[in-house]
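Architecture and fold: a report
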Amino acid sequence: MSLDVETRLARAGIGTDPRTGAISTPIYQTATFAHPSLGASTGYDYTRSGNPTRSVLEDIVADLEGGVKAFAFSSGMAAINALLQLFKPGDTILTSEDLYGGTYRLFFDVFESWGLRFVQVDFSDTATLTAAVKLYSVKAVFIESPTNPLIRITDIKKVCQFSKKNCLITIVDNTFMTPLCQRPLTLGADIVIHSGTKFLCGHNDTLSGFVVVNSHEIAERIAFIQNAAGAVLSPFDSWLVLRGLKTLAVRMKASQQNAGKIAGWLSKNSKITEVYYPGLKSHEGAALHARQSSGAGALIAFRVKNKQHVKKIINGVRVITFAESLGGVETLITYPFTQTHAAIPEAIRKKNGVTENLLRMSIGIEHIDDLLNDLKQAIG
Ligand SMILES: Cc1ncc(COP(=O)(O)O)c(C=O)c1O
């Protein structure tokens, strides 16, 4: 019987421990496993290579994204680090102009010195893409949609078609939408990555990351890298993400409902000049986002008219918390200019729109009246 994704999420892990029938997936807190005899294995040898708690989680994430295999890592950055090892010195990866600051740092401050090249492009500009493919030894494209922090939307299907035509691997960071709202592999992408730290886990208590692939060939290579490099998700953290996943659907519904109301309120406030949220008709890319996703998400970015106002808002919020990260049940406000995107050189930050008057919020599941009242008193 095929089950709805909400049912699959709520029942995640049930039936995976036939010996005891445990409803909550057991935490196999072991580094190693006894072998029945020489040359025989239970299927598990050593936790870096595979662990039953992690396997349950990886199978569920693969199922949610529609991939052939998922791999769990100790953080989102560890997942991206592993997938970059698919490439060789001299290879070029085309990437979005707007990008999470940590990803930018890994690309330009770590992997460029190992010989990979990253070229930031506007994916809506086919002429630039075609020129880049002619100029460099392009092997892949890496996109976020929506982007962090400016919530820019990229046409995933169109990028995948371009990639296929040019024999490139398409990688999509699906952290902001989760497989509940957007499934890039079904739109033609080859690899999806996640910071599982965010919505998948959902409680701001665990770091995790995922690589999900749609081909056995890439799966084999990532499995090799995961085991060889070793930044695997621990059994206990795997269990925490599994527990978080069970409520993903209700959390996403509540967060998105709150986010829609807050974005509407912000867009009417005279002290705010721009609101970036794909649930607003005015948002560039709103129609495209609606075509490729089934929800507007819970991330909102906005610009205040006067940059001095930023401090008043950040120091003024009482319910909402000033902290980095996103995707948890708690509403957080972040200042990308000095926090999440500080690793990007200032001139590039400013050119891309990550300026001193930009704030980003990740909307949680608190009561909407408390969130709106808090914003009213902090923004004025
Ligand atoms: C879009 C996106 N991708 C990747 C990451 C990295 O994930 P982690 O913090 O789990 O390493 C983040 C972190 O904020 C992110 O926002």
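Within any chain, residue numbers begin from 1 and follow the written order of that chain's sequence. Only residues with pLDDT of 70 or above have their local features reported here, since the model is predicted, and side-chain atom pairs are shown and tallied only from 80 upward, although totals for entire chains, interfaces and linings are computed over all residues. The side-chain quantities take in all heavy atoms of the structure and omit both hydrogens and water.

Helix and strand assignments follow DSSP, with helices taken as H or I runs no shorter than four residues and strands as E runs no shorter than two, numbered in order from the N terminus. Helix and strand content of the protein: 14 helices and twelve strands. For the radius of gyration, the atom set is restricted to C-alpha positions; the globular benchmark scales as 2.2 Å times the number of residues to the power 0.38. On C-alpha atoms alone, the protein measures out to a radius of gyration of 21 Å, which is about the 21 Å that the 2.2 N^0.38 rule sets for 380 residues. Projecting the C-alpha coordinates of the protein onto the three principal axes gives extents of approximately 75 × 50 × 35 Å. Exposure is judged per residue with a 1.4 Å probe applied to protein chains only, and the accessible area is read against the type maximum: over 50% gives exposed, under 20% gives buried, and values in between give partly exposed. Out of the 380 residues in the protein, the part that is buried amounts to 56%. When contacts within the protein are restricted to residue pairs at least 6 apart in sequence, those whose partners lie at least 24 apart make up 72%. Contacts are assigned to residue pairs that have any heavy atoms within 4.5 Å of one another.

Another aspect to go through is the domain arrangement of the protein. What marks off one domain from the next here is an automatic or database domain assignment. What the domain assignment reports for the protein is domain 1 (5-245) and domain 2 (248-379). Between the C-alpha centres of domain 1 and domain 2 there is a distance of 25 Å. With 40 residues of domain 1 in contact, the opposing surface of domain 2 contributes 43 residues. A simple way to read buried area is as the amount of 1.4 Å-probe accessible surface that goes missing from two parts once joined, with both sides added. In this assembly, domain 1 packs against domain 2 so that about 3200 Å² is buried in total across both faces, 61% of it on carbon and sulfur atoms. In this structure, Glu6 engages Lys253 in a salt bridge whose closest nitrogen and oxygen atoms are separated by 3.4 Å. Residues adjacent in sequence count toward polar contacts only when both atoms are side-chain atoms; beyond that, a polar contact is any pair of N or O atoms within 3.5 Å, and within protein one must be able to donate a hydrogen and the other to accept it. On the surface where domain 1 and domain 2 come into contact, there are 22 residue pairs in polar contact (both at pLDDT 80 or more). What makes a salt bridge here is a side-chain nitrogen of Lys or Arg within 4 Å of a carboxyl oxygen of Asp or Glu, nothing more.

What follows is about the packing of helix H2 (residues 52-65) against helix H9 (residues 235-245). Structural elements are reduced to axes, namely lines fitted to C-alpha atoms, with helices fitted over the stretch in contact, and the angle between N-to-C directions of any two is expressed from 0 to 180 degrees. At their nearest, the axes of H2 and H9 sit 8 Å apart, and the two run at 40 degrees to each other. Taken together, H2 and H9 sit at an angle that is classed as oblique. In the crossing of H2 with H9, the sense of the turn from one axis to the other is left-handed. Across the interface between the two elements, Thr53, Arg54, Val56, Leu57, Ile60, Val61 and Leu64 of H2 pack against Pro235, Ser238, Trp239, Val241, Leu242 and Leu245 of H9. Nonpolar residues are Ala, Val, Leu, Ile, Met, Phe, Trp, Tyr, Cys and Pro. Charged residues are Asp, Glu, Lys and Arg, and all others, Gly as well, are polar. Along the lines of polarity and charge, the residues of the contact of H2 with H9 split into ten nonpolar, two polar and one charged. For this classification, under 35 degrees means roughly parallel, over 145 means roughly antiparallel, 65 to 115 means roughly perpendicular, and everything else is oblique. Two helices crossing with the near one rotated counterclockwise from the far one by less than a right angle form a left-handed crossing, whereas a clockwise rotation gives a right-handed crossing.

Time to look at the packing of helix H10 (residues 248-267) against helix H14 (residues 368-379). One way to put it is that H10 packs onto H14 with a least axis distance of 10 Å and a crossing angle of 25 degrees. On the basis of their axis angle, the class for H10 and H14 is roughly parallel. Judged by the sense of rotation from one axis to the other, the crossing of H10 with H14 is right-handed. Here Asn258, Lys261, Ile262, Trp265 and Leu266 of H10 lie close against H14, whose contacting residues are Ile368, Leu371, Leu372, Leu375, Lys376 and Ile379. Broken down by class, the residue content of the contact of H10 with H14 amounts to eight nonpolar, one polar and two charged.

The rule for a disulfide is simple: a pair of cysteine sulfur atoms within 2.5 Å. In this structure the tally under the stated criterion is zero disulfides. Cys167 carries a free sulfur, and the closest cysteine sulfur to it, the one in Cys160, is 14 Å from it. Exposure remark for Cys167: the relative accessible area of 68% places this residue in the exposed category.

The next point concerns the sheet that holds strand E10 (residues 321-322). The strand order across the open sheet built from five strands is E8-E9-E12-E11-E10, with neighbouring strands paired in mixed fashion. Strand pairing shows two members of the sheet lacking a second neighbour, strand E8 (272-276) and E10, which therefore form its edges. Note on pairing: DSSP must find at least two bridges between two strands before they are called paired. Direction of pairing for strand E11 (residues 332-334) relative to strand E12 (residues 358-362): antiparallel, over a ladder of three bridges. Bridged to Leu332 within E12 is Ser362.

Moving on, we get to the site of the ligand. Proximity is defined per residue: any heavy atom of the residue falling within 4 Å of a molecule or strand makes that residue near it. Lining the immediate surroundings of the ligand are 13 residues, of which Gly76, Met77, Asp173, Ser195 and Thr197 lie closest. At a separation of 2.9 Å, an oxygen atom of the ligand approaches a polar backbone atom of Met77. In this structure, a nitrogen atom belonging to the ligand sits 2.6 Å away from a side-chain N or O atom of Asp173. Considered on its own, the ligand offers 390 Å² of accessible surface; in the complex 92% of this is hidden by protein. Taken together, the residues of the shell around the ligand break down into three nonpolar, seven polar and three charged. Working definition of accessibility: Shrake-Rupley area with a 1.4 Å probe, residue cover restricted to the visible protein chains.

A few words now on the side chain of Thr92. Take Thr92: it is sitting in strand E2 (residues 92-96). In contact with Thr92, other than residues within four places in its own chain, are Arg117, Val119, Tyr136, Ser137, Val138, Lys139 and Ala140.

Okay, H14 next. To estimate the expected span of a helix, count its residues, drop one, and scale the result by 1.5 Å. The terminal C-alpha atoms of H14 lie 16 Å apart, and with twelve residues this matches the ideal 16 Å at 1.5 Å per residue to within 8%. All of the buried residues along H14 are Ile368, Leu371, Leu372, Asp374, Leu375, Ala378 and Ile379. On an axial view of H14, the arc spanned by its buried residues comes to 160 degrees, and they lie on one face. Positive phi appears at Gly380, one or two residues downstream of H14, with a value of about 90 degrees. As used here, the arc belongs to the directions running from the helix axis to the C-beta atoms.

Take the environment of Ala342 next. Relative to the elements of secondary structure, Ala342 occurs in the loop between E11 and helix H13 (346-352). Note on Ala342: relative accessible area 37%, which makes it partly exposed. Taking the C-alpha atoms as reference points, Ala342 and Asn373, separated by 31 residues in sequence, lie 30 Å from one another. Setting aside residues up to four positions removed in sequence, Ala342 forms contacts with Pro336, Phe337 and Arg349.

Quick look at the pairing of strand E5 (residues 169-173) now. Counting buried residues in E5 gives four out of five residues, a clear majority hidden from the surface. Bridge count for strand E4 (residues 138-144) against E5 is five bridges, and the pairing is parallel. Looking across to E5, one finds that Phe142 is bridged to Ile171. With the strands pointing away from the viewer, any crossover whose connection runs clockwise from the first strand over the helix to the second is right-handed. After leaving E4, the chain enters helix H6 (residues 156-165) and then returns to the sheet as E5, a path that is right-handed. Note that E5 and strand E6 (residues 191-195) share three bridges and pair parallel. Following the sheet pairing, Val172 is matched in E6 by Val192.

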